[in-house]
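# Notes for the structure review
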Amino acid sequence: MIPLVKTNIPDREKLMPELEKVLYSGYVAQGEQVENFERVFEAFIGSGHALSVNSGTAALHIALILIGVKSGDEVISTALTAEPTNVAIKMVGAKIRYADVDYHTGNISPKSIEENINEFTKAIMVVDYAGIPVNVSEIQRISKKYNIPVIHDAAHALGAKYNGFKTGNHFPFTVFSFQAIKLLTTIDGGMLQIATKEEYEKAKLIRWFGIDKKLTRLENDIQVQGYKYHMNNINATIGLVQLDEIDTILNIHIDNGKYFDSSLQNIPGVDLINYYPGSEPAYWLYTLKVENREGFIKQMGEKGIMASELHKRNDWHSYLNDFPVKLPNLDKFYSRLVHLPCGYWVNPQERAMIVETIKKGW
Ligand SMILES: Cc1ncc(COP(=O)(O)O)c(C=O)c1O
């Protein structure tokens, strides 16, 4: 079976010497490797300050705290995402208000965001779902117009671009996840890319118990609620080795994704994603809409191809459905949504076979 997602661990010859060095160095906690990982990651993104953490969820939590989202506030978000996006909003006691999606991308609709803004709206959460960039320029316009900050959940979108700039350059806070099956994995981990130095310094305190690492323990006077969210040298070492070959990995995803974009056109029952102008997806998964999705998934499964909608839309979780509303575009999109494997593990013969299988119908 060609899996939909797969963990990427660098070659033993490359990874193990680095890991061994750190494991037996006498210092495995947050130290030099973490610092290096952050600085190399920052350079990869191209602007801002990278704060490593032990999960993408921790990064979301810190971003929400920095914005000051709390009980009584609302965050406009999307239901088409993995649960952590919205669970994080509940972690700070706020309520989730779902905007609908754009039918042609599945991503949060700027028009619907604007319609849902009210006096309680404290932040807007947007997700590059499956690696497809959101409508950055429209969301930036709305953020500016109403003075509401945006958190960009880019857990699926490392290396995606909008108007030539990588995801991580568009909004004050961008969240990456390095969990096991993501484009880059540190086994577990995440990064909060922060636009300003000031917010970055605050985030450092929140990451580690409110303690300022620049001072001794005795000199410290904790003044904010902090958490144990830091990354350690072991995970950072895995991250550094991964970053060294990330362009190769991303390019295979992108090449496979573009191949599907061109080869799956004009097939009865298949409706391709119409990306926003200027956007370049990361193609963590390949996303499309099909008629008779169950039949499609079954047919693909019989040919050894794993296809799935992967995530349960979040408004179908009672706890994550604070304001039940109709989301007509999402209803339509989600009933047809399916993902196909398009990662580094899918070779040219396999991708051609996937296309041929779809062309035969289901
Ligand atoms: C869209 C999205 N946001 C956030 C997260 C949270 O990341 P993590 O699992 O690293 O906490 C995930 C991953 O599971 C995700 O898919």
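Remember, it's a predicted structure, so these values are computed and weren't measured experimentally. (Residues numbered from 1 in each chain as written. Predicted model: local features only at pLDDT ≥ 70, side-chain atom pairs only at ≥ 80, totals over all residues. Heavy atoms only, no water.)

## Comments concerning the packing of helix H2 (residues 32–45) against helix H8 (residues 233–244)
- Following both chains from N to C, one finds H2 and H8 inclined at 35°, their axes separated by 8 Å at the closest point. Like other packed secondary-structure pairs, H2 and H8 cross with a definite hand, here left-handed. Touching Glu32, Gln33, Val34, Asn36, Phe37, Val40, Phe41 and Phe44 of H2 are Asn233, Ala236, Thr237, Gly239, Leu240 and Leu243, all from H8.
- Classifying every residue of the contact of H2 with H8 gives eight nonpolar, five polar and one charged. (Axes fitted to C-alpha atoms, helices over the stretch in contact; angles between N-to-C directions. Helix = DSSP H or I, 4+ residues; strand = E, 2+ residues; numbered from the N terminus. Left-handed = near helix turned anticlockwise from the far one by under 90°. Contact = heavy atoms within 4.5 Å. Nonpolar A, V, L, I, M, F, W, Y, C, P; charged D, E, K, R; others polar.)

## Some remarks on the domain arrangement of the chain
- Segmenting the chain into domains produces domain 1 (12–244) and domain 2 (246–359).
- Measuring from the centre of the C-alpha atoms in domain 1 to the corresponding centre in domain 2 gives 24 Å.
- Facing 48 residues of domain 1, the contacting portion of domain 2 comprises 44 residues.
- On the domain 1 side of the interface with domain 2, the three residues burying the most area are Tyr98, Tyr103 and Leu183, jointly 20% of the side's total.
- Between Lys90 and Asp322 there is a salt bridge whose closest N-O contact spans 2.6 Å.
- Along the contact surface separating domain 1 from domain 2 lie 26 residue pairs in polar contact (both at pLDDT 80 or more).
- Looking at the side of domain 1 that touches domain 2, the elements with two or more residues in it are helix H4 (83–91), strand E3 (95–98), strand E6 (161–162) and H8. (Domains from an automatic or database assignment. Buried area = accessible area lost by both parts, 1.4 Å probe. Salt bridge = Lys/Arg side-chain N within 4 Å of Asp/Glu carboxyl O. Polar contact = N/O pair within 3.5 Å; in protein donor to acceptor, adjacent residues only side chain to side chain.)

## Notes on the packing of aromatic side chains
- If you walk through the whole model with that rule in mind, you get 15 aromatic pairs.
- Taken together, the ring pairs in this structure connect Phe37, Phe41, Phe44, Phe176 and Phe178 into an aromatic cluster.
- The ring of Tyr103 carries Lys289 above its face, with NZ or CZ at 3.7 Å from the centroid.
- Here the basic side chain of Arg293 rests over the ring of Tyr334, its NZ or CZ set 5.5 Å away from the ring centre. (Phe/Tyr/Trp six-rings, centres within 6.5 Å; stacked < 30°, edge-to-face > 60°. Lys NZ or Arg CZ within 6 Å of the ring centre and 35° of its normal.)

## Description of the site of the ligand
- As a structural note, the neighbourhood of the ligand is formed by 15 residues, with Gly56, Thr57, Asp153, His156 and Ser177 the closest of them.
- Between an oxygen atom of the ligand and a side-chain N or O atom of His156, the distance comes to 2.7 Å.
- Within the side chain of Ser177, a nitrogen or oxygen atom sits 2.7 Å from an oxygen atom of the ligand.
- Coverage of the ligand by the protein chains reaches 90% of its 380 Å² of free accessible surface.
- Put simply, the parts of the chain that give the shell around the ligand at least two residues each are helix H3 (56–67) and H4. (Near = heavy atom within 4 Å. Areas by Shrake-Rupley, 256 points an atom, 1.4 Å probe, with all protein chains shown as cover.)

## Comments concerning a nonpolar patch on the surface
- Together, Leu23, Tyr24 and Val28 make up a nonpolar patch on the protein surface, roughly 330 Å² of accessible area in all.
- With respect to the helices, strands and loops of the structure, Val28 is situated in the loop between helix H1 (12–23) and H2.
- Since its relative accessible area comes to 36%, Val28 is described here as partly exposed. (Patch = residues over 30% accessible without salt bridge, like charges linked within 9 Å, V, L, I, M, F, W, Y side chains within 5 Å. Buried < 20%, exposed > 50% of the residue type's maximum accessible area, 1.4 Å probe, protein only.)

## Let's talk about helix H10 (residues 293–302)
- Turning to H10, its buried residues are Arg293, Phe296 and Met300. Taken around the axis of H10, the buried residues stretch over an arc of 60°, which confines them to a single face. Of the residues in H10, the exposed ones pointing more than 90 degrees away from the buried face are Glu294, Lys298 and Glu302.
- On its buried side, H10 packs onto strand E12 (286–290), helix H11 (328–336), strand E13 (337–340) and helix H12 (348–359).
- Following H10 by one or two positions, Gly304 adopts a phi angle in the positive range, close to 85°. (Arc of directions from axis to C-beta.)

## Looking at the sheet that holds strand E11 (residues 279–280)
- In space, the three strands of this open sheet follow the order E7-E6-E11, with antiparallel pairing throughout. Lying at the two open borders of the sheet, with one neighbouring strand each, are strand E7 (165–166) and E11.
- In terms of strand pairing, E6 meets E11 through two bridges, oriented antiparallel. By the bridge assignment for E11, Lys161 is matched with Glu280. (Pairing = 2+ DSSP bridges.)

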